[in-house]
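If you want the building blocks of each chain, they are given just below.
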Amino acid sequence: MLSFSSSGQDIHFSQYYMNPVYLNPALTGNFDGDWRFTGNQKSQWRSVSRPFNTLAFSAENKEELVLPGLYHGLNFYHDAAGDGNYRTIEFNLTNSYQKYLNSDSIHSVTIGAQFGVNHKRVDISKLNFDMQFDGYTYDVNLGSGETFNTESMTNFNLALGAVYKYKPEKRKELVAGIGWFNVSTPNQSFMDNSTIKRNKRVVIHAKANYPLNYELDLQPGIFTQFQGEYKELVIGSNIKYIYKDLKGEYIAPYAGVWYRSLDATYIVAGLYYNNWIGGISYDINVSQLTPASNVRGGFEFSLQYIFHLFKPHDVKHRICPDYL
């Protein structure tokens, strides 16, 4: 008798700081503006197997429509991996509440919660099994010898988070937080095995912005997460060059080098252009998969837009009384 068990990880991005709602629900609304739209696309392992592709999108609102300090958002991602076209689709609604700790708004704490639906699907017909090898050739008409109860499943999910923010100046900032994902531990088995759960995931992250001089900003960051037996640590920094900062016009290219422990080193380049932020990164594989990957990892793209609503100033005119 032969038995085995397997487990997997949630999706992850190299430019984790460019996907704030997925990084931590409490980062919802952590921007200067009224709306923020973010898109991410990652492709990897093209040189090893069928490429793993991940697409994510999020939208956030900071108008404080319900009560001051309460922000809202949503995020969506689609992931396709492997020959079995294993797809994961998730849609989440997220809310956060920010509380300033002092009157000058330098220190603040934000808590957040995320509620969502997760759908997984695999195409068994695209998978090959050893029972379909007759000793000479592979015959797709032979039975696989495997019994799958279903090829798809849908579950509800819950995530929580908290963030501390320190911003004494416009260009000086520290943001640190912790997130707790898959709190409901939804079932992941295609064979109705209730013991196979989606493991809880704990995320700890911090990122800063520090001016080196009039034109350069240092943007270091650290990110670590734990899920079941898996651990991930990312550390590195970008440097932003402020080329132009005039009223109504802001241009600042940036570049950086990051390291994901025992997996990859990746380089990042991007541009701040007025209300837009765009970035591109490339992973250089340094793990034990190097002989198969030829050191190649994959490209990742990110794009963010912050929208400011026009709010005309409500001028109140003083009405003078009439005198006879």
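Predicted model, so just to flag it, every value in this text is computed and none were measured.

A look at the overall build of the protein
Scanning the protein from terminus to terminus reveals 2 helices and 15 strands. Here the protein holds 324 residues, and the buried ones make up 40% of them. Carbon and sulfur atoms provide 61% of the accessible area of the protein, an area that totals close to 18,700 Å².

Looking at a nonpolar patch on the surface
Taken together, the side chains of Leu65, Val66, Leu67, Tyr97, Leu101, Val109 and Ile111 define a hydrophobic patch exposed on the protein surface, amounting to about 640 Å² of accessible area. If you trace the backbone, Leu65 turns up in the loop between β2 (52-61) and β3 (70-81). Leu65 gets classed as exposed once you look at its relative accessible area, which sits at 61%.

A word on the confidence of the model for the protein
When pLDDT is averaged along the protein, the result is 88; 89% of the residues meet or exceed 70. Taken together, the stretch residues 1-7 has pLDDT below 50 and engages in 2 contacts with residues farther than four places along the chain or on a different chain.

Considerations on the pairing of strand β10 (residues 230-241)
Sheet topology places strand β9 (residues 216-227) next to β10; 12 bridges connect them, and they run antiparallel. The partner of Ile222 across the bridge, within β10, is Ile235. Hairpin connection between β9 and β10: a loop of 2 residues separates the two successive antiparallel strands, and Gly228 in this loop has a positive phi of roughly 60°. The sheet contact formed by β10 and strand β12 (residues 249-260) spans 7 bridges and is antiparallel. Opposite Gly236, over in β12, you have Trp258 as the bridge partner.

Description of the side chain of Arg260
Tracing the backbone through its elements, the reader meets Arg260 in strand β12. At 2.7 Å, the side chain of Arg260 forms a polar contact with the side chain of Asp283. Sequence-distant contacts of Arg260, defined by excluding residues within four places in its chain, comprise His12, Ser14, Glu232, Leu233, Val234, Tyr266 and Asp283.

Remarks on the nonpolar core
Here is a general trend for soluble globular proteins: nonpolar side chains tend to be buried in one another's company. Among the nonpolar cores identified, the biggest contains 22 residues, and Tyr16 and Trp258 are the most heavily contacted of them. Breaking this core down by element, the ones donating at least two residues are β6 (152-169), β7 (172-181), β12 and β13 (264-273). Counting residues per element, this core draws most heavily on β12, at 4 residues. Apart from the residues within four sequence positions on either side, Tyr16 is in contact with Leu23, Ala206, Gly221, Ile222, Phe223, Val234 and Trp258.

Re the environment of Phe181
Turning to its location among the elements, Phe181 is positioned in strand β7. On the accessibility criterion, Phe181 (4% relative accessible area) is buried. As a C-alpha pair, Phe181 and Val203 span 22 residues in sequence and 8.1 Å in three-dimensional space. In this structure, Phe181 is in contact with Tyr22, Leu23, Asn24, Pro25, Gln114, Leu158, Ala159, Lys200, Arg201 and Val203, ignoring residues within four places of it in sequence.

Concerning unusual backbone geometry
Trans peptide bonds make up the majority, and among non-glycine residues the majority have a negative phi. Even without glycine at this site, Ser105 takes up a positive phi of about 65°. When you line up the elements, Ser105 lands in the loop between β4 (86-100) and β5 (107-121). According to the relative accessible area criterion, Ser105 is partly exposed, its value standing at 36%. In the Ramachandran plot, Asn274 falls in the positive-phi region, its phi being about 55° despite a non-glycine side chain.

A look at the packing of aromatic side chains
Enumeration according to the criterion identifies 14 aromatic pairs in this entry. An aromatic cluster of at least three residues, connected via ring pairs, comprises Tyr16, Tyr17, Phe223 and Trp258. Lying over the aromatic face of Phe181, Arg201 brings its terminal NZ or CZ to 4.2 Å of the ring centre. The aromatic ring of Tyr17 is capped on one face by Lys207, whose charged end is 5.0 Å from the ring centroid.

Rules and cut-offs
- Residues numbered from 1 in each chain as written.
- Predicted model: local features only at pLDDT ≥ 70, side-chain atom pairs only at ≥ 80, totals over all residues.
- Heavy atoms only, no water.
- Helix = DSSP H or I, 4+ residues; strand = E, 2+ residues; numbered from the N terminus.
- Buried < 20%, exposed > 50% of the residue type's maximum accessible area, 1.4 Å probe, protein only.
- Areas by Shrake-Rupley, 256 points an atom, 1.4 Å probe, with all protein chains shown as cover.
- Patch = residues over 30% accessible without salt bridge, like charges linked within 9 Å, V, L, I, M, F, W, Y side chains within 5 Å.
- Salt bridge = Lys/Arg side-chain N within 4 Å of Asp/Glu carboxyl O.
- pLDDT = per-residue confidence, 0-100.
- Contact = heavy atoms within 4.5 Å.
- Pairing = 2+ DSSP bridges.
- Polar contact = N/O pair within 3.5 Å; in protein donor to acceptor, adjacent residues only side chain to side chain.
- Core = buried A, V, L, I, M, F, W, Y, C linked by side-chain atoms within 4.5 Å.
- Phe/Tyr/Trp six-rings, centres within 6.5 Å; stacked < 30°, edge-to-face > 60°.
- Lys NZ or Arg CZ within 6 Å of the ring centre and 35° of its normal.

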